[in-house]
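# Structural overview
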Amino acid sequence: MVTAPKMLLGLLKGYDSIPIPACALQMFIFAAVSDAECCLLAVMAYDRYVAICRPLHYATAMPQHLCHLLVIASYAAGMTSAAIHSSMAFRLPFCRANTLDHFFCDIPLVLALACADTQINQILLLVVCGTIQSITLLTITTSYGIILWTVGRTGSFRAMSTCGSHLIVVGMLYGTLLFMYLRPDDTYAPQTDKITSVFYTVAIPTLNPAIYSLRNTEVKQAVKKRFSKICHQT
């Protein structure tokens, strides 16, 4: 993870510092990975749509080279967005206090330290991140809307069981990202935003393997077996 090691070091020391180049690199990597994850979730939703609604055409609709291309495009979009925000942010003069009330170099917090007008940066943040998150969220909702319509028409509700893990991750990630970045600058609250940031930078990546493993039959059987042992012991 991009932010957790530095955060843990700061918690152990009680304070921490980061050079400006390292701060810019952390901002770039975090923004790139976050935007790429949104794109990948949209790709996964489209994959579920093809698998459930067009199962006989899955091999031709989602060939391996297309999967590779979609993954590359997702990371390219994330890196482009991150390059725009990080380059524009660190072209600003920083003549105020150089203390971030946060545990990583998040874009709004870094912009708050600048002693120049950051209106262009705020507009870019809303436009670029808003475009990526809006398009990917529209893709996800459209895909699942068609899936629900198809499942309801055919009655094959068992097919929806493969989508549960993905929908949980989508709900948690987009809920926090929309709250953090697609709102006016004057509504940022440092303490609340730090708690929210911990959720989507640490909690969600930690829970993702467990959430996705719920689809695994062996994992389900192991969990049931463990809970049955606990119930018998009590």
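Residues numbered from 1 in each chain as written. Predicted model: local features only at pLDDT ≥ 70, side-chain atom pairs only at ≥ 80, totals over all residues. Heavy atoms only, no water.

### Some remarks on the overall build of the protein chain
Scanning the protein chain for helices and strands turns up nine helices and zero strands. Ordered by position from N to C terminus, the α and β elements of the protein chain give α-α-α-α-α-α-α-α-α. When burial is assessed residue by residue, the protein chain has 37% of its 234 residues classed as buried. For the protein chain, contacts bridging at least 24 residues in sequence account for 71% of all contacts bridging at least 6. Carbon and sulfur atoms form 68% of the exposed surface of the protein chain, whose accessible area is close to 13,500 Å². (Helix = DSSP H or I, 4+ residues; strand = E, 2+ residues; numbered from the N terminus. Buried < 20%, exposed > 50% of the residue type's maximum accessible area, 1.4 Å probe, protein only. Contact = heavy atoms within 4.5 Å. Areas by Shrake-Rupley, 256 points an atom, 1.4 Å probe, with all protein chains shown as cover.)

### A short note on the UniProt feature "transmembrane region" (unreviewed entry) in the protein chain
Under the UniProt annotation, the feature "transmembrane region" (unreviewed entry) is placed at residues 18-46, 66-84, 123-151, 163-183 and 195-214. With 100% helix and 0% strand, the stretch residues 123-151 has end C-alpha atoms that lie 41 Å from each other. (UniProt positions renumbered as here; feature names shortened; annotations may be inferred.)

### Considerations on a nonpolar patch on the surface
A cluster of nonpolar side chains, contributed by Leu25, Ile29 and Val33, occupies part of the molecular surface with about 230 Å² of accessible area. Mapped onto the elements of the fold, isoleucine 29 is located in helix α2 (residues 20-53). Among the residues examined, isoleucine 29 registers a relative accessible area of 32% and is labelled partly exposed. (Patch = residues over 30% accessible without salt bridge, like charges linked within 9 Å, V, L, I, M, F, W, Y side chains within 5 Å. Salt bridge = Lys/Arg side-chain N within 4 Å of Asp/Glu carboxyl O.)

### Observations concerning the nonpolar core
Ranked by size, the top nonpolar core spans 28 residues in total, and within it Cys38, Leu41, Ile140, Tyr144, Ile147, Tyr174 and Tyr200 carry the most contacts. Listing elements by their share of this core, those giving two or more residues are α2, α6 (119-154), α7 (164-181) and α8 (190-213). Broken down by element, the residue count for this core peaks at nine residues, all from α2. Not counting chain neighbours up to four residues away, the residues in contact with tyrosine 174 comprise Cys38, Leu41, Gln133, Thr136, Leu137 and Ile140. The next biggest cluster of nonpolar side chains, apart from the first, holds eleven residues, and it includes Ala89, Ile107, Leu111 and Ala114. (Core = buried A, V, L, I, M, F, W, Y, C linked by side-chain atoms within 4.5 Å.)

### Some points on the side chain of aspartate 47
In this structure, aspartate 47 sits in helix α2. Leave out the neighbours within four places in its chain, and aspartate 47 touches Tyr58 and Met62.

### Notes on the environment of tyrosine 58
Tracing the sequence through the fold places tyrosine 58 in helix α3 (residues 58-61). Distance from tyrosine 58 to aspartate 47, taken between C-alpha atoms, is 8.6 Å for residues eleven residues apart in sequence. Non-local contacts of tyrosine 58, meaning those with residues more than four positions away in its chain, are made with Asp47, Val50 and Ala51.

### Remarks on the packing of aromatic side chains
What the rule picks out here adds up to two aromatic pairs. Ring geometry for tyrosine 46 and tyrosine 49: centres 5.8 Å apart, planes at 40°, overall tilted. Here tyrosine 49 and tyrosine 46 lie together in helix α2, a separation of three residues that amounts to about one turn. Owing to a relative accessible area of 19%, tyrosine 49 belongs among the buried residues under this scheme. When the ring of phenylalanine 90 is compared with that of phenylalanine 94, the centres are 6.0 Å apart and the planes differ by 50°; the resulting orientation is tilted. The class for phenylalanine 90 is partly exposed, based on a relative accessible area of 23%. (Phe/Tyr/Trp six-rings, centres within 6.5 Å; stacked < 30°, edge-to-face > 60°.)

### Let's talk about the environment of cysteine 163
Relative to the helices and strands, cysteine 163 is located in the loop between α6 and α7. When its relative accessible area of 0% is taken as the criterion, cysteine 163 is described as buried. A sequence separation of 16 residues divides cysteine 163 from isoleucine 147, and the C-alpha atoms of the two residues are 9.8 Å apart.

### A closer look at helix α4 (residues 64-89)
Under the 1.5 Å per step criterion, the end-to-end length of α4 is 38 Å for 26 residues, consistent within 8% with the ideal 38 Å. Looking at α4, one finds that the buried residues are Ser74, Gly78, Ser81, Ala82, His85, Ser86 and Ala89. (Expected span 1.5 Å × (residues − 1).)

### Brief notes about the packing of α2 against α4
Each pair of packed helices can be summarised by the angle the axes make with each other and by the distance between the axes. Axis separation between α2 and α4 bottoms out at 7 Å; the angle between their running directions is 145°. α4 is crossed by α2, and the crossing has right-handed handedness. In terms of residue class, the contact of α2 with α4 is made up of 17 nonpolar, five polar and one charged. (Axes fitted to C-alpha atoms, helices over the stretch in contact; angles between N-to-C directions. Left-handed = near helix turned anticlockwise from the far one by under 90°. Nonpolar A, V, L, I, M, F, W, Y, C, P; charged D, E, K, R; others polar.)

### Points about the environment of alanine 61
Among the secondary structure elements, alanine 61 is positioned in helix α3. Residue classification places alanine 61 among the buried positions, given a relative accessible area of 13%. In the structure, alanine 61 is positioned ten residues away from alanine 51 in sequence and 9.3 Å away in space, judged by C-alpha atoms. In this structure alanine 61 touches Val50 and Leu66, once residues within four positions along its chain are discounted.

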